[in-house]
There are 2 protein chains.
Amino acid sequence: MTGTTLDDYTDRYARRVRGMTASEIRALFAVASRPEVVSLAGGAPYVAALPLDAVGEMLGKLAADHGPTTLQYGIGQGTLELRERICEVMALSGIDVGCGASPEDVVVTVGGQQALDLVARIFLDPGDVVLAEGPTYVGALGVFQAAQAQVVHVPMDDDGILPEALEQAIAEVARSGRRAKFLYTIPTFQNPAGVTLTEERRERVLDICERAGLLVVEDDPYGQLSFDGDAPAPLRSRRRDGVFYLSTFSKTFAPGMRVGWILAPHAVREKLVIASEAQILCPSAYAQAAVTTYLATMPWREQLKTYREIYRERRDALLAGLADLMPAGTTWTEPKGGLFVWATLPEGLDAKAMMPRAIAARVAYVPGTGFYADGTGAGHMRLNFSFPPPERIREGVRRLAGVMEQELAMRQVFGAVSGLAARRRGQAAADAPDPGLA
Amino acid sequence: MTGTTLDDYTDRYARRVRGMTASEIRALFAVASRPEVVSLAGGAPYVAALPLDAVGEMLGKLAADHGPTTLQYGIGQGTLELRERICEVMALSGIDVGCGASPEDVVVTVGGQQALDLVARIFLDPGDVVLAEGPTYVGALGVFQAAQAQVVHVPMDDDGILPEALEQAIAEVARSGRRAKFLYTIPTFQNPAGVTLTEERRERVLDICERAGLLVVEDDPYGQLSFDGDAPAPLRSRRRDGVFYLSTFSKTFAPGMRVGWILAPHAVREKLVIASEAQILCPSAYAQAAVTTYLATMPWREQLKTYREIYRERRDALLAGLADLMPAGTTWTEPKGGLFVWATLPEGLDAKAMMPRAIAARVAYVPGTGFYADGTGAGHMRLNFSFPPPERIREGVRRLAGVMEQELAMRQVFGAVSGLAARRRGQAAADAPDPGLA
């Protein structure tokens, strides 16, 4: 699967990574997908940890015993059975009837991606502004670009998005005579940064958005993958209004089913259903039945614990590897859940330029440029720890460290040239919004 | 499933059926979905005819034996294995290497609906014109409306779209200073009209589009459901360039899997993949493996014959019922395949206005207004014959005939009033493009 996950990025990169053509990038990733390459590039959950025989038996029965329903068309909004189960899942993290969550306002989608695309389709017109963390989910950038919207990044630190920077961004957009349509945020175990918005900042961010009349689109695919106790409760659990909540079963069950959802404000739920029907007619009845039955009859909370334990061990392997092997000047986030670590390279290294040499050294990652709408972020990289086993992760870090040491050595040799490049980069960064984790 | 299929139409109707609110229509269809109602309204294939135990066994194994791949993310374009199988399927109807069909140019989609939506997303800007048969597929109207495009209907007769009318429509759009972006057509066993474009007209339509530089979007979900020998070869098999070919496994296998495809001109295939990734990231790996394995290991051609035989018997039941029971002045098409008959009511009857009384008489259909962008078509209805068994179909026609007789009797009593309404309708029809089958 490493291969397909990598390949999956190819086209999105084609639009974003400057100076390389789509075919060059595809060739790069085709090489990266070879088994001898350690890929820290993907975002794939470790589905091999599922009880595959039991899942297979369940899936078989869905067709054999209920085929006339599960193999048939369904309804645009998704089945009531699944929407009820989704409300049970959300209630575990505090999004319950107390804050107005109801199966009536849930729209089942083709993974979290369609959830986001539907929200964009309803709200965004060409030229609109969207606020989003910098860096942010590459697939969200794809959606906003398809909608011809402009993304204004808001920087983060280790405690998530910076409230002051958010206020400033809202004000700046307003001064430019426009209005931001919504804040797109992944507050918990952020992709790609791995950081989590603190309790205190959650309230501040919500207050700021409320005052500014700014909708919040909360993307929460990873909230249940917490390694150390529960994650802070979602934004949606704190406010009845003004927050769209998006999530998916891709990380808690399996991405191959492509089942996600939106919990929408009641007033727009109908519009989302109509938009979804125009896109896909209805989500797969079979996949919905699969998720419903999985939640109803299988020990899914135990499975979630299994996923968490596997990922915690792999995160530990990645963090230990980075601490032991990375050249001086490299820094990284320390995620308390989710799938990703965000690394910042020593001054002067360029993760995008280094990529072909990394592939040659049989290690792959995603350069930071993929996570910014403006092409900045070359001094960073995203490292995934959910898919490769611990020993492969360590080997990957070893190879990566070797490449970086070589780059740094070359940089010393060609110091004058690199220094010039670094100064140029510094100037570009000063002109643009803060590209990194502030 | 009758219920969900009906419900499935609710929101699309909400936007199109005038004079009724969304909630009224939802209430109407909720009543229509009761088991005592004979529904001729849906468009559901009879999936109960599948070998469900064998399909279940196959689906179970996909997870048990191949879960790490089938339950994982896939690639945006769809797996090569499935795209190769799709080319084998297309080759059966003449779309083969000889006319440039290649797995490289196939994009796997979430049913035929996403295929159409992707084409629209790439080509349509607000205010653009799309030519389409009148009547046409209700879900296509949803796509074009979401894209803020204007649909210009081209009338048909029993031999499909009228070439002269197509030429005229192209010229009229050009005279108005605009240009039609493409012709959307379902040439074989059309939905909702049930008619098929003849061999001779296929060439003429293609020539006309070629001369006008007009792209053709050929939607072919029903081509393999032919009751009397093979259907005429698809448009795409006759031209290498200028034709997008869209199809689906919803009618030949099962709609619950939501697997369709586009065979696109090479130059735009990449754009379609990027657009699809922004919408759904990737199609379901599991559903793709299911279709691939179904085609590779199960007797799918035999199953197709089974579907054909069932539907032919049901079509015969519907046509016989109509001939025996319909009031004088009713006419209908005689489809040689597919799922639908299009009926034209005696002068003065209004299928939309009659709908609540039909539901009260425990029979449901889709009023013709759903299949026109301009709200015309009230003198028609679409009748489905793929889902209900023959005896239910006959009973449904009996109930429907009863309702129509009552309407006609009322019309005689209130002749003056009805006459006025009919004249008003006649005037509206004269102002608008021909709403019926010419």
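An unreviewed UniProt entry lists chain A under the name GntR family transcriptional regulator, from Phytohabitans houttuyneae. Its UniProt record gives chain A the following Sequence similarities (unreviewed entry) comment, quoted word for word: "Belongs to the class-I pyridoxal-phosphate-dependent aminotransferase family." Regarding chain A, the relevant UniProt record gives this comment under Cofactor (unreviewed entry): "pyridoxal 5'-phosphate".

> Break down the relation of the copies chain B and chain A for me, with residues and values.
Mapping chain B onto chain A is achieved by rotating through 180° and translating by 0.0 Å along the same axis, at an RMSD of 0.0 Å. Accordingly, the operation relating the two chain copies is best matched by a two-fold axis. When C-alpha positions in chain B are compared against the rotation axis, the closest is assigned to Gly60 of chain B, at 2.0 Å. When the interface residues of chain B are mapped onto chain A, 100% of them again lie at the interface, so the same face is used by both copies.

> Quick rundown of the side chain of Asp219 of chain A? Include the residues and the values.
Residues and elements named next belong to chain A. The topology assignment puts Asp219 in strand β7 (residues 215-219). One buried charged residue, Asp219, remains without a salt bridge, the closest side chain of opposite sign being Lys251 at 8.1 Å. Engagement of the side chain of Asp219 in a polar contact is seen with the side chain of Tyr184, the distance being 2.5 Å.

> Give me the lowdown on the UniProt feature "domain: Aminotransferase class I/classII large" (unreviewed entry) in chain A, citing residues and values where you can.
Residues annotated by UniProt as "domain: Aminotransferase class I/classII large" (unreviewed entry) correspond here to residues 38-400 of chain A. Summarising residues 38-400 of chain A: 43% helix, 16% strand, and an end-to-end C-alpha distance of 10 Å.

> Describe in detail the packing of aromatic side chains, supporting the description with residues and values.
Scanning the model with the defined rule gives 23 aromatic pairs over all chains in all. An angle of 75° between the planes, with centres 5.6 Å apart, marks the rings of Phe144 of chain B and Tyr184 of chain B as edge-to-face. Taken together, the residues span a long stretch of sequence, with Phe144 of chain B in helix α6 (residues 138-146) and Tyr184 of chain B in strand β6 (residues 180-185) at a distance of 40 residues. By the burial criterion, Phe144 of chain B is buried, and Tyr184 of chain B matches it. Directly above the ring of Tyr46 of chain A sits Arg314 of chain A, whose terminal nitrogen or CZ lies 4.1 Å from the centroid.

> Tell me about the domain arrangement of chain A, residues and numbers included.
All names here are of chain A. Annotation of chain A at the domain level lists domain 1 (18-50 + 302-413) and domain 2 (69-297). Its C-alpha centre places domain 1 at a distance of 26 Å from the equivalent point of domain 2. Each partner contributes residues to the interface: domain 1 has 27 residues there, and domain 2 has 27 residues. Taking both partners together, domain 1 and domain 2 bury about 2300 Å²; carbon and sulfur atoms supply 67% of that area. The largest per-residue losses of area from domain 1 upon contact with domain 2 belong to Arg308, Lys336 and Phe371, which jointly make up 21% of the total buried on that side. Along the contact surface separating domain 1 from domain 2 lie one salt bridge. Among the ionic pairs, Arg315 bridges to Asp228, the shortest N-O distance being 3.7 Å. For the pair domain 1 and domain 2, the interface holds ten residue pairs in polar contact (both at pLDDT 80 or more). Elements represented by at least two residues in the side of domain 1 that touches domain 2 include exactly α11 (300-325) and β11 (340-344). Tallying contributions element by element places α11 first for the side of domain 1 that touches domain 2, with seven residues. Considered class by class, the residues forming the side of domain 1 that touches domain 2 number 15 nonpolar, six polar and six charged.

Cut-offs and rules
- Residues numbered from 1 in each chain as written.
- Chains lettered and ligands numbered in written order.
- Predicted model: local features only at pLDDT ≥ 70, side-chain atom pairs only at ≥ 80, totals over all residues.
- Heavy atoms only, no water.
- UniProt positions renumbered as here; feature names shortened; annotations may be inferred.
- Least-squares fit on C-alpha atoms with pLDDT ≥ 70 in both.
- Contact = heavy atoms within 4.5 Å.
- Helix = DSSP H or I, 4+ residues; strand = E, 2+ residues; numbered from the N terminus.
- Buried < 20%, exposed > 50% of the residue type's maximum accessible area, 1.4 Å probe, protein only.
- Lys, Arg positive; Asp, Glu negative; His and termini not counted.
- Salt bridge = Lys/Arg side-chain N within 4 Å of Asp/Glu carboxyl O.
- Polar contact = N/O pair within 3.5 Å; in protein donor to acceptor, adjacent residues only side chain to side chain.
- Phe/Tyr/Trp six-rings, centres within 6.5 Å; stacked < 30°, edge-to-face > 60°.
- Lys NZ or Arg CZ within 6 Å of the ring centre and 35° of its normal.
- Domains from an automatic or database assignment.
- Buried area = accessible area lost by both parts, 1.4 Å probe.
- Nonpolar A, V, L, I, M, F, W, Y, C, P; charged D, E, K, R; others polar.

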